[in-house]
Amino acid sequence: MKKFLLLIAMLSPALTFAQNKKTGPKTFDLIVGTYTTGKSKGIVVYRFYAETGKLAYLSEIDGVNNPSYLTLSANNKFIYAVNELPKGEVSAFSFEAKTGKLTFINKQSTLGADPCHISVDKDQKNLLIANYSSGNVAVMPLNKDGSIANGIQTVHDDGHSINKERQESAHAHMAVLTPDEKYVLYNDLGTDKINIYKYHPNKEPRIVPSSPAFVSVAPGEGPRHLEFSADKKTAYLVTEMGSNVIVFDYKNGQLKQKQSITMLPDGFSGQTAGAAIHLSPDGKFLYASNRLETNEINIYSVNKETGMLTFVARQSTFGKNPRDFAIDPTGRFLIVANQGSDNMWVFKIDQATGKLNQTGIRVEIGNPVCLKFAPAE
């Protein structure tokens, strides 16, 4: 018995280390993009504690106009932010995860108006930027030091759709790479299309139309953001004007719609605007936010075999216009950015049902628009 206890004592440090290694980090940086037309001055960084859901202010970088949407390099050393302005710009920053410090590097024109989304490839070769008002997507090469080079390509759709006020012309809303980075998908609210391009990171042109070159959704839907399942077989699209979540089978640059599920309560006839969409890290649940007169997050369970969705619940965000939200990498908490009420709320995720429970943790911040997590070194 003594020998057995001695063996356990000798092994316990190794077991503890293995458990910690398995569970991963519990502390992260939360980087928040904002509009600077109100109380905010730029990009704000918080320390997030995944065991409690608490947030602590770390740093802020000001003098950056409307850094509304952000993306992080795969090595977490650089942050890129669109400057959502009539003459669109994109800014590069070095990022020190340990302290949350951001240092400005440079900025460039996005070759369009009012850029609203940005993404970067894993090898940090190029940025993809969706310019909403001018309706084009720009490709911006990156230098080895993380700085942004001049844009070398734009693509644009000349179409329109049925809503004469919102869809009079193209309005690019998001441009992202497929999981294998062989294709670029860009959502166009103005034409009700998801455009499909082949991606060539090292040669010009960087992106070229695929075949088929697009997939359409129902007129008036207004495609906004999309997310891929972990197995890369399913893509989920949230529509801004239709306030639906549309499910697609995905394979080799081709999308096939198989489900559309509403975000609206029965009988609802008010104003809505679908916004953000994210899967839980374990892929069991999908969340989508809705704005204007709804101001809530819809929760759906995901069939792991088919990717199809089943409605679970809807949760008030306790604020106005939940433009974005983020699920922490451990999958325990969801943080929502209420742009219209200048705050962020932290919700605890029920691991069995996917439902959200308010923690009472709230952070006051001006016009929060985009939330991104990074490991805190």
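A quick note: this is a predicted structure, and the numbers were derived from the prediction, not measured. (Residues numbered from 1 in each chain as written. Predicted model: local features only at pLDDT ≥ 70, side-chain atom pairs only at ≥ 80, totals over all residues. Heavy atoms only, no water.)

Trainee: Help me understand the overall build of the chain in this model?
Mentor: On a plain count of helices and strands, the chain comes out with one helix and 28 strands. In terms of overall dimensions, the chain has C-alpha extents of about 80 × 50 × 45 Å along its principal axes. The buried share of the chain, reckoned over its 377 residues, is 57%. The long-range share in the chain, meaning contacts at least 24 apart out of those at least 6 apart in sequence, stands at 48%. Of the roughly 16,700 Å² that the chain leaves accessible, carbon and sulfur atoms contribute 51%. Across the chain, the 41 positively charged side chains and the 36 negatively charged ones have centroids separated by 8 Å. (Helix = DSSP H or I, 4+ residues; strand = E, 2+ residues; numbered from the N terminus. Buried < 20%, exposed > 50% of the residue type's maximum accessible area, 1.4 Å probe, protein only. Contact = heavy atoms within 4.5 Å. Areas by Shrake-Rupley, 256 points an atom, 1.4 Å probe, with all protein chains shown as cover. Lys, Arg positive; Asp, Glu negative; His and termini not counted. Charge placed at Lys NZ, Arg CZ, Asp CG, Glu CD.)

Trainee: Looking at this model, I keep getting lost on empty space enclosed by the protein. Mind explaining?
Mentor: One way to see where empty space is left: roll a probe the size of a water molecule over the atoms. One pass over the full model with this rule turns up one cavity of 30 Å³ or more. Here the largest cavity is characterised by a volume of approximately 60 Å³. Forming the boundary of the largest cavity are Ser-68, Tyr-69, Glu-84, Cys-116, His-173, Arg-224, His-225, Arg-323 and Val-369. Residues belonging to the lining of the largest cavity are distributed by class as follows: three nonpolar, three polar and three charged. (1 Å grid on protein atoms, 1.4 Å probe; cavity = no way out; pocket = protein on both sides within 12 Å on 5 of 7 lines; lining within 4 Å. Points joined across faces, edges and corners; volume = space filled by probe spheres on them. Nonpolar A, V, L, I, M, F, W, Y, C, P; charged D, E, K, R; others polar.)

Trainee: Looking at this model, I keep getting lost on the nonpolar core. Mind explaining?
Mentor: Among the nonpolar cores identified, the biggest contains 29 residues, and Ile-31 and Leu-127 are the most heavily contacted of them. Here the element with the most residues in this core is strand E5 (residues 78-83); it accounts for five residues. For Ile-31, the contacting residues outside a window of four places in its chain are Ile-43, Val-44, Val-45, Leu-70, Leu-72, Ile-79, Phe-95, Cys-370, Leu-371, Lys-372 and Ala-374. Core analysis: the second largest hydrophobic core is formed by 19 residues, Phe-333, Ala-337, Met-344 and Phe-373 among them. (Core = buried A, V, L, I, M, F, W, Y, C linked by side-chain atoms within 4.5 Å.)

Trainee: Looking at this model, I keep getting lost on the sheet that holds strand E10 (residues 136-141). Mind explaining?
Mentor: Strand pairing in a sheet is mediated by backbone hydrogen bonds. Such pairs are either parallel or antiparallel. Strand order in the open sheet formed by four strands is E8-E9-E10-E11, with antiparallel pairing between adjacent strands. If you trace the sheet from one side to the other, it starts and ends with strand E8 (115-120) and strand E11 (153-156), each paired once. Pairs of neighbouring strands in the sheet enclose a mean axial angle of 20 degrees, with direction left out of account. Relative to E11, E10 runs antiparallel, the two sharing four bridges. Residue pairing for E11: Val-137 is matched across the bridge by Val-155. (Pairing = 2+ DSSP bridges. Axes fitted to C-alpha atoms, helices over the stretch in contact; angles between N-to-C directions.)

Trainee: Explain the environment of Ser-169 to me, please; I cannot follow it from the model alone.
Mentor: Tracing the sequence through the fold places Ser-169 in the loop between E11 and strand E12 (172-177). Residues Ser-169 and Ala-213, spaced 44 residues apart in sequence, show a C-alpha to C-alpha distance of 18 Å. Other than its neighbours up to four places away in sequence, Ser-169 contacts Gly-159, His-160 and Gly-190. At a separation of 3.3 Å, a polar atom in the side chain of Ser-169 contacts the side chain of Glu-168. (Polar contact = N/O pair within 3.5 Å; in protein donor to acceptor, adjacent residues only side chain to side chain.)

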